[in-house]
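Commentary on secondary and tertiary structure
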Amino acid sequence: MTEATPTTRLTVAQALVRFLAVQYTERDGVRRRLIDATWGILGHGNVAGIGQALVEYAAVPEEEGPPGRPVMPYHQGRNEQAMVHAAVGYARQCDRLSVQAVTTSVGPGATNLVTGAALATINHLPVLLLPGDTFATRPADPVLQQLEVPYAGDVSVNDCLRPVSRYFDRITRPEALVPAALEAMRVLTDPVATGAVTLALPQDVQAEAFDWPAAFFRERVWRVRRPAADPGELAAAADAVRAARRPLVVAGGGVHHSGAEDALREFADLTRIPVASTQAGKGSLDWDHPADVGGIGHTGTATACELGRTADLVIGVGTRYTDFTTASGTLFAAPDVRFLNINIAPFDGHKLAGLPLVADARTALEALTRALAPHGHRAGPSYVTEYTDDKERWEYRVDAAYEVQDPDVRPTQPQVLGLLDEIVTADDILVNAAGSLPGDLHKLWRARSRDQYHVEYGYSCMGYEIPAAVGVGLAAPGRPVWALVGDGTYLMMPTEIVTAVQEGVPIKVVVLQNHGYASIGGLSESVGGERFGTAYRHRSGDGTFDGRPLPVDLAANAASLGMRVLRAKTVRDLRAALAEARAADTPTCVYVETETADTVSGAPPAQAWWDVPVAETATRPSAVKAREEYDRHVSTRRRHL
């Protein structure tokens, strides 16, 4: 750079934090801060670099800081994976337009990021990861927590993050930060490429000073584009819809990411084509919209799955077509079925040999609606009557699952959801990710708003719910945020309860105690595993875990972490506890032991298959029978060509 180029002397860490504090997104004329805050656990590898920089740019009262000085708010986490989950929950609630960063120490702090990074990338949700790294200059080798790799001197444990990141760079020289930081922002704001972005930061480089060009710190606005449909693809899509006799929309997470709910509703109002939803897409239409037929796939409704079996055109909007959605390739069974895929990502737009309409979901739906409007294209009256009647029958099944016969007994899991259904409004947000709850929620939950249903099912990561609820609470202050967890999930990651208490985020954690892995227990039984290793019980005389339930008190644990705890033994207790928790302005836990569905109405069974391979040879009758059932389902699978 020339002498005339104005510069500012800062450490690499200070320069990075200052740069991040002045990045913005803009979509549809609305500007938002891109990196809203940084989560961190400070230790060997980041305390003297990023940690010191966060002090330099801490959010202080305006009168205490220099005029115009950028600030970077800081959140103190308790577990590195959980910090990523919290940041991901925040990004999803912000429609991917505002992001949070996560900084860690070297070694285990960095490797703890891997699961959260995988979750973010699989779900196309942006998060910026700033793990500390070993010395770039290698003054001592090895250093504390360094993994020695005999065949490569430039590898560290941070390289574990490469396959789960959409962009990865290691900043081994100060001047390398400039292009890397700009590239990181590009990926974070790219609606196709976004996911986890990793900038590995050697601890010596973090603390090194450099003369930075002043232009590096100017405010930048990253415009989140809405690419329009190609005219030829749009015309072909309109022709396909007009030719279909039994069309079905499958709404995926891309509907929410694009903010395309209104456009989808207008499309459904015009065409009266039914709309089913994936786990990520649920809430694309409110549950009581005439065209909404609920979840589709293995955890879907009977209405949606039957429509899927007989559809001649499946209109996927922002969906990746996972095996839960397609019932492992067995659901869309009509001989002449075709696929029209509206997706901003060409990779997903061409799945299932579909007709691609590669564009932003909102833009594409609006254009397709305009193309169909002049001819008043609508689904046939008999088809509309068919799915309307089926939907009404399904709602009776939901009511039956929610129904309480005796308020003085323990509730079933569906009854817990039914009691929540009684008290929530469109303001409430439900966060869930794993166990048997996603299946019950997908089938039964009546979503009342576009963002009420927050179920992470791309990675279905146990432990996501509580930290993600904290992130959602930070993104949506004043709204009731519920984290629904089973005992297995709770034990995975309750640590961010402490963060919720510290930050004053009044999340509501509902812990359903069923003494083990209920979901995997059911799956195990269905595939010949006989629920082996899925119960939380003492060992019995034969060495199996069939003894008494473990004397674990999760309510006491939540209380020890600072939560207010409400224990509910009966349906009557639970109804009161949920209402009290919803009104609370501090983090509150509702603890309830649930009843199995053996004696009362439970959730309807799976309405479509899911491929979990079963032992091809076995001596135990349960496995032999399960294999016979497996072979029957496999024979119905097809490839859509």
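See above for the structure.
Everything quoted here is computed from the prediction, not taken from an experiment.

Here alanine 618 shows up in the loop between strand E23 (588-593) and helix H24 (621-634). On the accessibility criterion, alanine 618 (39% relative accessible area) is partly exposed. C-alpha separation for the pair alanine 618 and glycine 528, spaced 90 residues apart in sequence, amounts to 9.2 Å. Once residues within four sequence positions are removed from consideration, alanine 618 is found in contact with Ala623 and Val624.

In this section: the state of the cysteines. Scanning the entire structure with this criterion turns up zero disulfides. The thiol sulfur of cysteine 461 is not disulfide-bonded, and the nearest other cysteine sulfur, from cysteine 160, lies at 17 Å. You can call cysteine 461 buried: its relative accessible area is 8%. Counting only cysteine sulfurs, cysteine 461 is the nearest neighbor of cysteine 589, a cysteine outside any disulfide, at a range of 20 Å.

This part is about the pattern of salt bridges. Taken as a whole, this structure holds 40 salt bridges when the rule is applied. A salt bridge links aspartate 95 to arginine 450, with the shortest nitrogen-to-oxygen separation between them at 3.2 Å. Remark: arginine 450 occurs in the loop between helix H17 (437-444) and strand E19 (453-455) and aspartate 95 occurs in the loop between helix H3 (80-93) and strand E6 (99-104); sequence separation between them is 355 residues. Judged by its relative accessible area of 28%, arginine 450 is partly exposed. Residue aspartate 631 is joined to arginine 627 by a salt bridge in which the shortest nitrogen-to-oxygen separation is 3.1 Å. Remark: arginine 627 and aspartate 631 occur in helix H24; sequence separation between them is four residues, near one turn of the helix. Residue classification places aspartate 631 among the partly exposed residues on the basis of a relative accessible area of 38%. Residue class for arginine 627 comes out buried when judged on its relative accessible area of 18%. Several salt bridges share partner residues, and in doing so they unite Asp28, Arg226, Asp360, Arg362 and Glu366 into one network.

Turning to the nonpolar core, a few remarks are in order. Membership of the largest hydrophobic core comes to 54 residues, with the highest contact counts inside it found for Ile315 and Leu368. Apart from residues no more than four positions distant in its own chain, isoleucine 315 is found in contact with Val241, Leu248, Val249, Val250, Phe267, Ile273, Tyr321, Leu340 and Ile342. Listed in part, the 47 residues of the second largest apolar core include Met83, Cys461, Val481 and Ile507.

The next thing to look at is helix H11 (residues 302-310). By the burial criterion, the buried members of H11 are Thr303, Ala304, Cys305, Leu307 and Gly308. Against the buried residues of H11 lie strand E12 (247-251), strand E13 (275-277), strand E14 (292-295) and helix H15 (381-402).

A few words now on the packing of aromatic side chains. Evaluated as defined, the whole model comprises ten aromatic pairs. Pairing phenylalanine 324 with tyrosine 457 gives two aromatic rings, centres 5.2 Å apart and planes at 70°, and the pair type is edge-to-face. Residue phenylalanine 324 is found in helix H12 (residues 323-326), and its partner tyrosine 457 is found in the loop between E19 and helix H18 (465-475); the two are separated by 133 residues along the sequence. Residue tyrosine 457 is classed as partly exposed on the basis of its relative accessible area, which comes to 22%. Three or more aromatic residues joined by ring pairs form one cluster here, namely Phe19, Phe210, Trp212, Phe216 and Phe217. Stacked on the ring of tryptophan 287, the Lys or Arg arginine 446 has its end atom at 5.0 Å from the ring centre.

The next subject is the sheet that holds strand E17 (residues 355-358). The strand order across the open sheet built from six strands is E14-E13-E12-E15-E16-E17, with neighbouring strands paired in parallel fashion. The two strands at the open ends of the sheet, each matched to only one other strand, are E14 and E17. Geometrically, the sheet is characterised by an average inter-axis angle of 20° between neighbouring strands, direction not taken into account. Examined bridge by bridge, strand E16 (residues 338-343) and E17 share four bridges and lie parallel to one another. Residue pairing for E17: leucine 340 is matched across the bridge by leucine 355. Sheet strands touched by helix H10 (residues 261-271): E12, E13 and strand E15 (313-317). Its angle to E12, the strand with the most contacts, is close to 170°. Against the sheet, H11 contacts E12, E13 and E14, and its axis sits at roughly 100° relative to E14.

What counts and what doesn't
Residues numbered from 1 in each chain as written. Predicted model: local features only at pLDDT ≥ 70, side-chain atom pairs only at ≥ 80, totals over all residues. Heavy atoms only, no water. Helix = DSSP H or I, 4+ residues; strand = E, 2+ residues; numbered from the N terminus. Buried < 20%, exposed > 50% of the residue type's maximum accessible area, 1.4 Å probe, protein only. Contact = heavy atoms within 4.5 Å. Disulfide = S-S within 2.5 Å. Salt bridge = Lys/Arg side-chain N within 4 Å of Asp/Glu carboxyl O. Core = buried A, V, L, I, M, F, W, Y, C linked by side-chain atoms within 4.5 Å. Phe/Tyr/Trp six-rings, centres within 6.5 Å; stacked < 30°, edge-to-face > 60°. Lys NZ or Arg CZ within 6 Å of the ring centre and 35° of its normal. Pairing = 2+ DSSP bridges. Axes fitted to C-alpha atoms, helices over the stretch in contact; angles between N-to-C directions.

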